[in-house]
Amino acid sequence: ALDSENRRSIRKILSKIQSNPNWLASTPSVIKRELLDAMGWFGASCLPEVAGFLADEDADVSQLAIEKYEEALSDVDLSDKERAKILVLASQLITDSDVMDSMLFELNNMRHSVAVDTIKQLMASGGAATQTVLPDNIEFYTGEEGMNTPEKLDQWLKDNPDDEWDEEFYGGSTKQQE
């Protein structure tokens, strides 16, 4: 399926494997790593499937899943809105604060309105690892201390609106496909 770049076949294989309620424990690590590599080939469009591997007890498998997220976040063809969705999903699943700290740097690759909306979502739904590193990342992004409420962020955005050319700069150059 990978050799023929057939994402649909890869998703079918993964779906069949994941139909077993105990799939993480019962699937050999080598198979899980191959599936992750195959899904990674298709970039951000396969991240929902990659998410299931973040909880794997095999450190090599979970680390590979994290790498796939990081690769997707750094894809220069993504729009800031697509990048924001990936970041919010990752924040709910990744339990390593160092990994989240690294990923949160991607806020700097978003126009102000998207970054502020993303930060507010991270405040509301991000896991413990995200909550630990979020304040420093907010300060780095805004350049201001104490930006710890949605209202303060909204005021910052009002004082620092998007630029007229942001869509061209942050809009991305591809559309994710199904």
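Up top you'll find the structure we're talking about.
Okay, so let's go over this structure. Every value quoted in this text rests on a predicted model; they were computed, and no experiment measured them. Along each chain, numbering runs from 1 in the same order as the chain's sequence is written. The predicted nature of this model means local features are confined to residues of pLDDT at least 70 and side-chain atom pairs, given and counted, to a pLDDT of 80 or more, with totals for whole chains, interfaces and linings taken over all residues. Hydrogens and water molecules were not included; the side-chain quantities draw on all heavy atoms of the structure.

Take the packing of aromatic side chains next. Here a ring pair, both rings aromatic, is described through the centre-centre distance and the interplanar angle of the planes. The rule is short: rings of Phe, Tyr and Trp, with Trp giving its six-membered ring, pair when the centres are within 6.5 Å, and they are stacked under 30 degrees, edge-to-face over 60, tilted in between. According to the stated counting rule, one finds 4 aromatic pairs in the structure shown. With centroids separated by 6.2 Å and ring planes inclined at 40°, the aromatic side chains of Phe 105 and Phe 140 adopt a geometry described as tilted. Taken together, the positions of Phe 105 in the loop between helix 7 (97–104) and helix 8 (112–125) and Phe 140 in helix 9 (residues 128–142) put the pair 35 residues apart, joining distant regions of the chain. Categorising residues by exposure relies on relative accessible area from a 1.4 Å probe, with only protein chains included: less than 20% of the type maximum marks a residue as buried, more than 50% marks it as exposed, and the intermediate range marks it as partly exposed. Taking the relative accessible area as the measure of exposure, Phe 105 reaches 46% and is therefore partly exposed. The interplanar angle of 85° and the centroid separation of 4.8 Å between the aromatic rings of Phe 169 and Tyr 170 together place this pair among those described as edge-to-face. What makes Tyr 170 buried here is its relative accessible area of 17%. The helix and strand labels rest on DSSP assignments: H or I over at least four residues marks a helix, E over at least two residues marks a strand, and numbering proceeds from the N terminus.

Tracing the sequence through the fold places Ser 62 in helix 5 (residues 59–73). Here, two residues are considered to be in contact whenever any of their heavy atoms come within 4.5 Å of each other. For Ser 62, the residues in contact, after removing those within four places along its chain, are Phe 53, Leu 54 and Asp 56.

With that settled, consider the pattern of salt bridges. Salt bridge, as applied in this entry: a Lys or Arg side-chain nitrogen positioned within 4 Å of an Asp or Glu carboxyl oxygen. A full pass over the atoms with the stated rule returns 9 salt bridges. Across the salt bridge formed by Arg 11 and Glu 49, the nearest N and O atoms sit 2.9 Å from each other. Separated by 38 residues along the polypeptide, Arg 11 in helix 1 (residues 7–18) and Glu 49 in helix 4 (residues 47–51) bring together distant segments of the chain. In this pair, the class of Arg 11 matches that of Glu 49, namely buried. For Arg 83, the salt bridge is made with Glu 106, and the minimal N-O distance between the two is 3.5 Å. Of this pair, Arg 83 sits in helix 6 (residues 80–93) while Glu 106 sits in the loop between helix 7 and helix 8, placing them 23 residues apart in sequence. You'll find Arg 83 and Glu 106 in the same group, each marked buried. Sharing partners across several salt bridges, the network here consists of Asp 37, Lys 68 and Glu 71.

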